[in-house]
Amino acid sequence: MLQACRMLSPVRGVVVFRPCLVQRLTVDFKPACAFSTGCPGLQKTDMLEDLRNIKNRKKSNKNKKLTSGVISVDNEGFQELKARVIKLRAEQLDLLGGHGGRDVNTENPADIIPSCLKKLPFSCEKCGRGFIKKAGLSQHTRANKCMANSSTVNQASDNLLLSQSYRVDNLQEMFSTENMNSEHSRNEVSEVSLNPFLETESSIAPSSIQKEYKCDSCETIFTSKSSLTRHRTKSKTCANSSSKLVEFRCECCGNTFATHQNLMRHNNNSKTCRMKREAESGNRDQVLGTISTDETTRLEDVSKLSSPAPSRFHECEFCKKDFKTISALSVHKLRSKKCLVIRKELEVTDSAFNEANMEEILITKLYSEEEEGEEVDIEPSTEFPEQSYREIDIEDKQEILVAYFDTLVNTNRTQAAYEDFKLIKSDVDGKDYVESIAIYDKLLRGFARKNDFAKIQEVWKGVVIRGLQPTLNSYISAMMSFDTCDESKNVFRTLFKQVYADFTSAGFTVEEALKSGEFIFDDKKRFIKVVSKFVNNQDNLANSTDDDDVILPLLADLNAAGSSNLKSHLDTVLDRPDLNPLLKRQLEMETSQTVNIPAISNKSKYSTQKFREFTHSLESTWRARVSKALAWKMSLGKKFPFWKRGSTINMHQFLSCVPLEQLTDIILATATANMNENYSRSVTHIISDLGNDVMTAYHINLKCNDSSSSWSDYVGSLNHYYDWYCEPQNGSPNHRTAIHSVTGDLTLEHSLTMWPRNVRMAVGGVLFQVLLDEIQVDVDTNGRVITDSKVIDSDGLLSDPLRPFNTNPAFFKIFRKRKDIRDVQELKPNPSLAKVFEANSMVDLQFPATDMPMLVPPLPWVSVNTGGYLVRDSKLIKVPDSTRADQETLISSLPPGGLNPIVDSINQLSSVPWIVNKPVLELASALFLDQSDHSLLGQTELPLHPDHISPPTLSPDLQDVLADRARLTQEQVDEYKAFLQERSMHTQVKSESYSLWCSTLYRLSLASHFQNEVLWFPHNVDFRGRCYPLPPQLNHMGADLSRSLLVFAKGKKLGKEGFTWLKLHLINLTGAMKRESIADRLEYADSILPKILQSATSPLEGERFWLESDDPWQTYSACLEVKRALEHPGGPEEYTCHLPIHQDGSCNGLQHYAALGRDLLGARAVNLVPADKPQDVYSEIAAIVDRKRQEDSQAGLEIATALEGFVRRKVVKQTVMTTVYGVTKYGATLQIKKQLKDTDDFPVELIDQAGKYLSLKTFESLNEMFTASQLIQDWFTECATVISRDCQSNVSWVTPLGFPVIQPYSRMVTQMDKNISMDMTNMFKLHPKSKVVKKETEVKINTMKNKNGFAPNFIHSLDSSHMMLTSLQLWSQGITYASVHDCFWTHASDVEAMNRACREQFIALHSSPILEQLSEHFMENYLEVQEAPLSEGKKVREKTLEKRRLARGMERRKREMLFNSLPKKGELDLGVIHDSTFFFS
């Protein structure tokens, strides 16, 4: 780099004197260079002490005050001083961060300008500092505060500096000299790698100006030994460190001690050392003799050698008493009986000394024999590789610092971030906390966006000096800084060539940078621009971000299909220009804090409007108060005290990075969401949500920031993607490649820094306190809420309040017991306020944007963090926090493009447009709001409002007895107990009913609000790979009403076979012909056609056929479609139908089991084998159970006889259905008991015994029918038990489509640092009483859940793979497709194509070696047995260790046998599934 600078201009030294009051003259040498941002500046040194109290001579002498060193500077002296100044801006040439300055120190600062300074009466001969009194001079000399030491050390170098001419030839030498004196070079660095940001390879030696004493444990630096000793004595953190300061050494044993007192205590207590000293002296005293003078002299000599200063007291070595003189100590030893007894005991230790030596020799021999394999006792080392408290704290705080500097850099305050960085780095306690490459990367990226090449080099120098390894993002930032450089100039090409050489030598590539680099704003565009300019053959980088597809055997045919058969989902639905205003509405909805949806209501419009105006008035008042309080808090945060800088960070930056209006919206949204008096949330959860909302708002602002035109480029790319979406033919084959092709150099995957939880809690705590303090409510005498001098009643009528008025908080906190018997703090609204908002809850509903369906096609998923909503953050995989890190590790281990089949399938499901089924919405809303016909509500599964549920009552006679306080009879006692039980049940039923009622209200209100819109539902997957829509309230996946409210937006003509499939779909929904053939079902449909038409015309009149169905709302929707098709002028074939037709798997879990084990008998039971009529597995299991019951009854078993005639299909159906989901025998017993309770005439007293008996027989029947399936399930359970119990790991596997799965059955035990607050004063100093800052995260594995959950979860991952394969197959054919797990949906005219693809993909899936691949995965990941750690201090024999090794080998062989013992397969031919009509029907 310097070579390039030298080519640009010569360098000359210029002296710049800063006209300020200084302790000693400071001279800055600055080279003048046209390349002002590319050459190194010379280091500035510390300013000298200020010349205080400069007075003008015109002022009276009585106002003059004498100060240390300087009295005044007159005008003549100032002119003389000014004449010596040569002006040049110091910032013109500062490429290495201004490390070129030199200090010019004179022996006496007063001699700088002799004519302008006056001497004080007393001055130091060495440094020249003046004092008024002689005592001050004496104290100055004794305290060693004289500055002559440091000035003398630098004298020679300064004189050399002043006399030396600054030529280009010796510039390199001066930089090397300056590096040696740099404050950053305190620790010795032997080698500094050559790179473009450090122009020379040099050794940096520590400064020798002032001697320093460093604590080996915490690395704190002290100026004296006494300070270090005192620190080690008092600091609990460092007192236990193994590396102690060597100050006092015992002459006998060689042990070292931190203090003289510890050494003397050792000398007195150590019998071995005392015996050695007495043996060497040769004149040991007798027990009753006097203390000799030689011994006294010897003790004094030892004391002198051990201590730098004589002790004031003399301690008795036996009783530890202190004496002022040695003579007093000698008299004490002669007369003290206690000490005489102790001295007698010492005689016995003479022989013990030799024994101790022999023991030491023996131990040495034993340890030497251990290496030869002898059986000896060994003691494991007590040193564990645990992090010290400070290291743990540094790791924890660095996450906070990374987030802090991220907010500064991304809000265009990079220089402020760098200043804070340097202040923290200069702090003794904080310097280690900023030694993180992630922090340096933030600074590098900030300066790269500003094209500040000089700062880039300065920061990079710090990276190399500190021994940190530059990351991929470090090199990206370095190359981004060449954005505005002219590539035609050799100097820039040379510099970039060096950067790029380091980039490639580090193992990075441009393609990897584009795929894995962290980009926001226009970072990616600038990086591509720079690389394209300076690197050859890099002109097509914008299209190099596509992942290479992983060619799986299951997808070989799909990859070759291309895009010729693709069809638009918006044909006859929307035109391309119609999406533009919808896109604008979608972006506005996602960037808002909440979305207001009017609720369906039967209230009058006048009352509704009055309630809306009343609550809006309240919220306006609160908004003003909250906004004012937040503005005050943020203004205080900007006034960060100077004395805090460097010792902590300004935590208010996390608040100020979000605009005031957004913070106010967050608080008000939280307040209105917690107005329910019946349900209260914990304060901790509310604070956490507030902090999360602030972080989310910050991230959204970064995405929508258009300062670099990145936002407008993103919106433009979305428009190009919608062009392809409307006409996908002959374009990109799928949504993922389509969005990649139009984004190019745009940053699609924003790498946003997540704030640590303690930061979010601190930020949320501030907002929560504002909510408590500022949101208040005025009430009148009757407790009614006042706003705008009015109160409102339950009917919405306004009136004047009654005085006097009171102002109360809108919220208060309570403590409530939870299930784990903890007192949890909860937030409750003011009862008066809750009544107002409860009435208003039927007026307006508030939802977060992520609960809304989308008005435009979703953003295609391109990674696990990018896709779904256009602005809001979404996750591709829903997993708990306890296993999120494990899941991310598995995802990152996939090869490039390994996740493409998963995201392509999810993108297909998300791209399907929907519309609201208006006739169903109208009827459902009318019945829901009416609430009068309870029987009709029960038939349609619409919930009752809790107010319509009548409470239980007592009989009049019992009420009279209780009123008279008379004695109750036994019958009355039983009646009263039954009443109490019914009342408890009534409370529970009301609570459940209210929850269901609210869910239905939300669903119907959303459907009503969007009834004229085209809707899209972005999808993601759970940990098993099962797909779910992201909007939770309104979607096509749910119960009967949810499925019936939505239909395909794109209709399709029924065609020749479509009307047949429509009628068959209607009959399947009724459930009346489940065991009949297809022909019989169609004949039945024709026979009840009048009922179908009557239900469609007048659903609440006549026979109401649709209410007899298992799914009444879907049946009603099908009746409507049949009626419309028959009424179409062109006939049913020409009718455009929007209704999805379902094809449901027949006990799909058991189908997968039967296919895995090639179980022929089980395959027949679940319709894998062709048959004229569908097989009912539940009826067959019931028949086998009843046969076994008859055998037991004939053997004389009473319970078997009692169950005659009661073993029916419905009794065993739930147990058979949930077997595939891992139901236990206990759970099966409860299921059967519930069915027997609902069976008439069965004896109640036999229910428990019968439940246990039938659950056992049901499992035996399942084993008899599904033999191979049961063996597979048992193998699953055994493997999961070993993995979770012995390996202490959650069970993981990989699906046939390459999706990695890990079960989330573990609990993380961690401790958050609660010392993080918005007003902390010292962030980097450990509290002396804090032993643990943050415990190591502990993961506890739940063996029971892993064992019981693995089998059903594995089967669920298989049915998800089957669904995805079918989805990809139908997308390539241009067929609209949706699914609800194992229920596949499409248009009536495409059912046959869907059935064909469904069967083909099921056969292809189970033709792959699924169990064999699972076995290999277990062998690779869980075969090795971990060695158990040895307990601290526990002695273990070599023989015991050998036994442990043998046991581990045995355990390894057991695991190998288990993982390889695959169940034998049957003789089922999977090809027969092609012809099975009822496989999916």
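Predicted model, so just to flag it, every value in this text is computed and none were measured.

What to know about the overall build of the protein
Within the protein, the secondary structure is distributed over 55 helices and 37 strands. By residue count, 50% of the 1481 residues in the protein fall in the buried class. Expressed as a percentage of contacts within the protein between residues at least 6 apart in sequence, the contacts between residues at least 24 apart total 73%. For the protein, the exposed surface amounts to about 71900 Å²; the carbon and sulfur share of it is 50%.

Topic: the pattern of salt bridges
Should their charged atoms come close, side chains of opposite charge can pair. Considering all chains together, one arrives at 48 salt bridges under this definition. Arg625 serves as the salt-bridge partner of Glu774, at 3.2 Å between the closest nitrogen and oxygen. Here Glu774 is found in helix 31 (residues 757-774), whereas its partner Arg625 is found in helix 25 (residues 605-638), with 149 residues between them in sequence. One salt bridge connects Arg1445 with Glu1438, and the closest N-O pair in it is separated by 3.1 Å. You can call Glu1438 partly exposed: its relative accessible area is 21%. Salt bridges sharing common partners tie together Arg1187, Lys1188, Glu1191 and Glu1264.

Quick notes on the packing of helix 25 against helix 31
The N-to-C vectors of helix 25 and helix 31 enclose an angle of 135°; their axes lie 10 Å apart at closest approach. Taken together, the axes of helix 25 and helix 31 are oblique relative to one another. Here helix 25 and helix 31 pass one another in a crossing that is right-handed. Contacts from Arg625, Val626, Ala629, Leu630 and Lys633 of helix 25 reach helix 31 at Val766, Leu767, Val770, Asp773 and Glu774. Its residues placed into classes, the contact of helix 25 with helix 31 shows six nonpolar, no polar and four charged.

Some points on the sheet that holds strand 30 (residues 1141-1144)
What the three strands build is an open sheet, ordered 30-36-35; its pairing is antiparallel. Sheet topology places strand 30 and strand 35 (1378-1380) at the edges, where each strand pairs with a single neighbour. The sheet shows a mean angle of 25° between the axes of neighbouring strands, direction not considered. With three bridges joining them, strand 35 and strand 36 (residues 1383-1386) adopt antiparallel strand pairing.

Comments concerning the pairing of strand 36
Of the two faces of strand 36, the one holding Cys1383 and Trp1385 and the one holding Phe1384 and Thr1386 are both buried throughout. Where strand 30 lies against strand 36, four bridges are found, and the strand directions are antiparallel. Following the sheet pairing, Ile1141 is matched in strand 36 by Thr1386. Where strand 35 hands over to strand 36, the hairpin turn is made up of two residues, of which His1381 adopts a positive phi near 60°.

A word on helix 17 (residues 437-449)
Over its 13 residues, helix 17 extends 18 Å from the first C-alpha to the last, a length consistent with the 18 Å expected when each residue adds 1.5 Å. By the criterion of burial, helix 17 is predominantly enclosed, with 12 of the 13 residues buried. Buried residues of helix 17: Ile437, Ile439, Tyr440, Asp441, Lys442, Leu443, Leu444, Arg445, Gly446, Phe447, Ala448 and Arg449, and no others. Residues of helix 17 that are buried sit in contact with helix 15 (389-410), helix 16 (414-426), helix 18 (453-465), helix 19 (472-480) and helix 22 (523-534). Asn451 sits one or two positions beyond helix 17 and adopts a positive phi of about 60°.

Remarks on the pairing of strand 21 (residues 844-847)
Of the two faces of strand 21, the one holding Leu845 and Phe847 is buried and the one holding Asp844 and Gln846 is not buried anywhere. When strand 13 (residues 595-598) meets strand 21, the two strands line up antiparallel, connected through four bridges. From the neighbouring strand, Pro598 faces strand 21, where its bridge partner is Asp844.

Brief notes about the confidence of the model for the protein
Detail in the predicted coordinates should be disregarded across regions flagged by low pLDDT. Of all residues in the protein, 74% attain a pLDDT of 70 or more, and the chain-wide mean is 78. Across residues 1-119, where pLDDT falls below 50, the model places 244 contacts with residues more than four positions away in sequence or in other chains. In the model, residues 240-246 has pLDDT below 50 throughout and makes 13 contacts with residues more than four positions away in sequence or in other chains.

Things to note about the side chain of Arg1189
Among the secondary structure elements, Arg1189 is positioned in helix 46 (residues 1177-1194). Within the local environment of Arg1189, its side chain forms a polar contact with the backbone oxygen of Ala1200, the two atoms lying 2.9 Å apart.

Considerations on unusual backbone geometry
Omega for the peptide link from Arg803 to Pro804 comes to 5°, which places this bond in the cis form. Turning to its location among the elements, Pro804 is positioned in the loop between strand 17 (798-799) and strand 18 (806-809). One non-glycine residue, Arg965, lies in the positive phi region at around 55°. As for its position among the elements, Arg965 is in the loop between helix 37 (956-964) and helix 38 (970-1009). Despite not being glycine, Asn1167 shows a phi value in the positive range, around 65°. Summarising the element assignment, Asn1167 is placed in the loop between helix 45 (1160-1165) and helix 46.

Brief notes about the packing of aromatic side chains
Here the structure, examined in full by the defined rule, presents 50 aromatic pairs. When the centroid spacing of 5.7 Å and the interplanar angle of 35° are considered together, the rings of Tyr500 and Phe503 count as tilted. Taken as a pair, Tyr500 and Phe503 lie in helix 20 (residues 490-505) at a separation of three residues, close to a single helical turn. Looking at Phe503, the relative accessible area reads 0%, which means it is buried. Each ring, one from Tyr1377 and one from Phe1384, has its centre 5.6 Å from the other, and the planes form 70°; the classification is edge-to-face. On the accessibility criterion, Tyr1377 (0% relative accessible area) is buried. Here Phe1384 falls in the buried class, since its relative accessible area comes to 1%. One aromatic cluster in this structure is built from Tyr404, Phe405, Tyr418, Phe421, Tyr440, Phe447, Phe654, Tyr698 and Trp755. Positioned over the ring face of Tyr1178 is Lys1213, at 5.7 Å from the centre of the ring.

Cut-offs applied
- Residues numbered from 1 in each chain as written.
- Predicted model: local features only at pLDDT ≥ 70, side-chain atom pairs only at ≥ 80, totals over all residues.
- Heavy atoms only, no water.
- Helix = DSSP H or I, 4+ residues; strand = E, 2+ residues; numbered from the N terminus.
- Buried < 20%, exposed > 50% of the residue type's maximum accessible area, 1.4 Å probe, protein only.
- Contact = heavy atoms within 4.5 Å.
- Areas by Shrake-Rupley, 256 points an atom, 1.4 Å probe, with all protein chains shown as cover.
- Salt bridge = Lys/Arg side-chain N within 4 Å of Asp/Glu carboxyl O.
- Axes fitted to C-alpha atoms, helices over the stretch in contact; angles between N-to-C directions.
- Parallel < 35°, antiparallel > 145°, perpendicular 65-115°, else oblique.
- Left-handed = near helix turned anticlockwise from the far one by under 90°.
- Nonpolar A, V, L, I, M, F, W, Y, C, P; charged D, E, K, R; others polar.
- Pairing = 2+ DSSP bridges.
- Expected span 1.5 Å × (residues − 1).
- pLDDT = per-residue confidence, 0-100.
- Polar contact = N/O pair within 3.5 Å; in protein donor to acceptor, adjacent residues only side chain to side chain.
- Phe/Tyr/Trp six-rings, centres within 6.5 Å; stacked < 30°, edge-to-face > 60°.
- Lys NZ or Arg CZ within 6 Å of the ring centre and 35° of its normal.

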